[in-house]
Amino acid sequence: MAGAGRWDGAKREGLYVGRFAPSPTGPLHFGSLVAAMGSYLQAKSCHGRWLVRMEDIDPPREVGGAADLILRTLEAYGFVWHGEVVWQSRRREAYRAALDDLCKRGLAYPCTCSRKRQVECQAALSLPTGVYAGTCRGKRISEHQGRQAVRIMVAAEDISFVDRLQGEQRQNLGNEVGDFVVFRADGLVAYQLAVVVDDAAQGITEVVRGSDLLDSTPRQIYLQQALGVLTPRYLHLPVAVNEDGAKLSKQTHAPPLSLSKPLPALWQALDFLGQSPPLELSKGSVEEFWQWAICNWQAEKVSPRISATSVYQHDPSSF
Ligand code: GLU
Ligand code: ZN
């Protein structure tokens, strides 16, 4: 079975389909709320669908109970998603099928390099840090046995796209990334392939997410082209950073969102997104909040920066 039809079955002419795709590595914090809100408001203000996809494909990084807590938090914050949550852990067959497709067409190959070898080969060719030297390129996939990573072959060509907020973006995968991993040596699908397969299967028309993923987008566009699926539009929001300039995350001890008091965080996230919400909105109900936010959403008002400091106050008495 070949051709594009297999991948873009969910394509619906004219209907906006957006998504929020959290990884269950911990509770939602202010930074994740900004991404959820930006994607939600884009979808809702276009009368589109907003889907939730749980990216639980990396068990070593997951925290027990985090996925449920994320969904409960989204509910408490008044997010309403379309249909069932998609769990990536249940989509292994789809990722395998995409991998087989790439392998059959000679676009992917097994890589047996240790980390040490990768660094040595990189140094020998004076490549920038992290760029894979293509050492295993000659290997054929029929030699693929057991626990080996699989890489996709990239071309030394620029991939460019116009981000709706950040403007024109350009990356030369050959020079800046090298052949990248689509299946990991531990048998798990790599994020880049899973996200492309699922965005296509779910018919996502626009991806709205944090600018920390801006750098991954050319790889995803390349994979879309290799698999013959449509490329969605992209809008990368500024990432919330703390006063030291570090992205809010579990590692930087970003506090989890409060389940009992959603309004302070909702209001501050909307303010962070440049929408200048009236102060009264922080004192009404969650329903009123969303009504105002959806009616007044203007994506052009979001700052086109890749990061912005957030002084998120956990304490609602701060306003
Ligand atoms: N699961 C990714 C994360 O939590 C987001 C993936 C995406 O939006 O493409 O960082
Ligand atoms: Zn290798």
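Scroll up for the structure.
Notes on the structure follow. (Residues numbered from 1 in each chain as written. Chains lettered and ligands numbered in written order. Predicted model: local features only at pLDDT ≥ 70, side-chain atom pairs only at ≥ 80, totals over all residues. Heavy atoms only, no water.)

Coordination sphere of the zinc ion (ligand 2), protein contribution only: Cys 111 (SG), Cys 113 (SG), Tyr 132 (OH) and Cys 136 (SG), at 2.2 to 2.3 Å. One can describe the donor arrangement at the zinc ion (ligand 2) as tetrahedral, given that its 4 donor atoms subtend angles of 97 to 125° at the metal. The sequence pattern describing where the donors of the zinc ion (ligand 2) fall on their chain is C-x1-C-x18-Y-x3-C. With Cys 113 in the loop between strand E4 (108–111) and helix H4 (115–124) and Tyr 132 in the loop between H4 and strand E5 (149–152), the pair connects residues that are 19 residues apart, well separated along the chain. Tyr 132 carries the same exposure label as Cys 113, and that label is buried. (Donors = N, O, S within 2.8 Å, 3.2 Å for Na, K, Ca; no water. Tetrahedral: all angles 85-135°; square planar, octahedral: opposite > 155°, others 65-115°. Helix = DSSP H or I, 4+ residues; strand = E, 2+ residues; numbered from the N terminus. Buried < 20%, exposed > 50% of the residue type's maximum accessible area, 1.4 Å probe, protein only.)

Further remarks concern helix H7 (residues 217–227). Extensive coverage of H7 is indicated by the burial of 10 of its 11 residues. Taken residue by residue, H7 has Thr 217, Pro 218, Arg 219, Gln 220, Ile 221, Tyr 222, Leu 223, Gln 224, Ala 226 and Leu 227 as its buried positions.

On to the side chain of Ser 211, then. Looking at the secondary structure, you find Ser 211 in the loop between strand E9 (206–210) and H7. Its relative accessible area of 9% is what places Ser 211 among the buried residues. Looking at Ser 211, its side chain comes within polar contact range of the main-chain oxygen of Leu 237, at 2.7 Å. Beyond its immediate chain neighbours, meaning those up to four positions away, Ser 211 contacts Gln 166, His 236, Leu 237, Pro 238, Val 239, Arg 305 and Ile 306. (Polar contact = N/O pair within 3.5 Å; in protein donor to acceptor, adjacent residues only side chain to side chain. Contact = heavy atoms within 4.5 Å.)

Strands in a sheet are paired, the pairing made by backbone hydrogen bonds, and the direction either parallel or antiparallel. Strand order in this open sheet of 3 strands is E4-E5-E8, and the pairing throughout is antiparallel. Bordering the open sheet on either side are E4 and strand E8 (180–183), each of which pairs with just one other strand. Across the sheet, the mean angle separating the axes of adjacent strands is 45° when strand polarity is ignored. Pairing of E4 with E5 involves 4 bridges; the strand directions are antiparallel. Among the inter-strand pairings, Ala 108 is bridged to a residue of E5, identified as Ile 152. H7 rests against E5 and E8 of the sheet, and its axis sits at about 55° to E8. (Pairing = 2+ DSSP bridges. Axes fitted to C-alpha atoms, helices over the stretch in contact; angles between N-to-C directions.)

Take the site of ligand 1 next. With respect to spatial proximity, the complete set of residues near ligand 1 consists of Arg 19, Ala 21, Ser 23, Glu 55, Tyr 191, Val 195, Arg 209 and Leu 213. Ser 23 is positioned such that a nitrogen or oxygen atom in its side chain is 2.8 Å from a nitrogen atom of ligand 1. When the free accessible area of ligand 1 is taken as 300 Å², the share hidden by the protein chains comes to 78%. Its residues placed into classes, the shell around ligand 1 shows 4 nonpolar, 1 polar and 3 charged. (Near = heavy atom within 4 Å. Areas by Shrake-Rupley, 256 points an atom, 1.4 Å probe, with all protein chains shown as cover. Nonpolar A, V, L, I, M, F, W, Y, C, P; charged D, E, K, R; others polar.)

Another point: the sheet that holds strand E3 (residues 86–87). Judged by pairing direction, the sheet is parallel, and its 3 strands sit side by side in the order E1-E2-E3 without closing on themselves. Every other strand in the sheet has two partners, leaving strand E1 (17–20) and E3 as the edge strands with one partner each. Pairing of E1 with strand E2 (residues 49–54) involves 4 bridges; the strand directions are parallel. Its bridge partner being in E2, Arg 19 is matched across the sheet by Leu 51. Across the sheet, helix H1 (residues 30–45) touches E1 and E2, and the angle it forms with E2 is around 150°.

Before going further, it helps to examine the pattern of salt bridges. On inspection of all chains with the given rule, the structure shows 16 salt bridges. Between Asp 198 and Arg 91 there is a salt bridge; the shortest N-O distance is 2.7 Å. Remark: Arg 91 occurs in the loop between E3 and helix H3 (92–104) and Asp 198 occurs in helix H6 (residues 191–201); sequence separation between them is 107 residues. A residue is classified by how much of its surface remains accessible, and Arg 91, at 22% relative accessible area, is partly exposed. As a salt-bridge pair, Arg 164 and Glu 206 come within 2.5 Å of each other at their nearest N and O atoms. One end of the pair, Arg 164, is in the loop between strand E6 (158–163) and strand E7 (167–172); the other, Glu 206, is in strand E9, and 42 residues separate them in sequence. (Salt bridge = Lys/Arg side-chain N within 4 Å of Asp/Glu carboxyl O.)

Bringing the nonpolar core into the picture now. Core analysis: the biggest nonpolar cluster contains 50 residues, and Met 37, Trp 50, Leu 74, Phe 79, Leu 266, Phe 289 and Trp 290 have the highest contact counts within it. The set of elements that each furnish at least two residues to this core consists of H1, E2, helix H2 (66–76), strand E10 (233–237), helix H8 (262–272) and helix H9 (286–296). The element best represented in this core is H1, accounting for 9 residues. Among the nonpolar cores identified, the runner-up in size contains 37 residues, and Leu 99, Leu 102, Ala 108 and Val 229 belong to it. (Core = buried A, V, L, I, M, F, W, Y, C linked by side-chain atoms within 4.5 Å.)

When you line up the elements, Trp 87 lands in strand E3. By relative accessible area, which is 19% here, Trp 87 ends up buried. Separated by 32 residues in sequence, Trp 87 and Glu 55 place their C-alpha atoms 6.5 Å apart. The contacts of Trp 87, once residues within four sequence positions are left out, are Met 54, Asp 56, Ala 67 and Leu 71.

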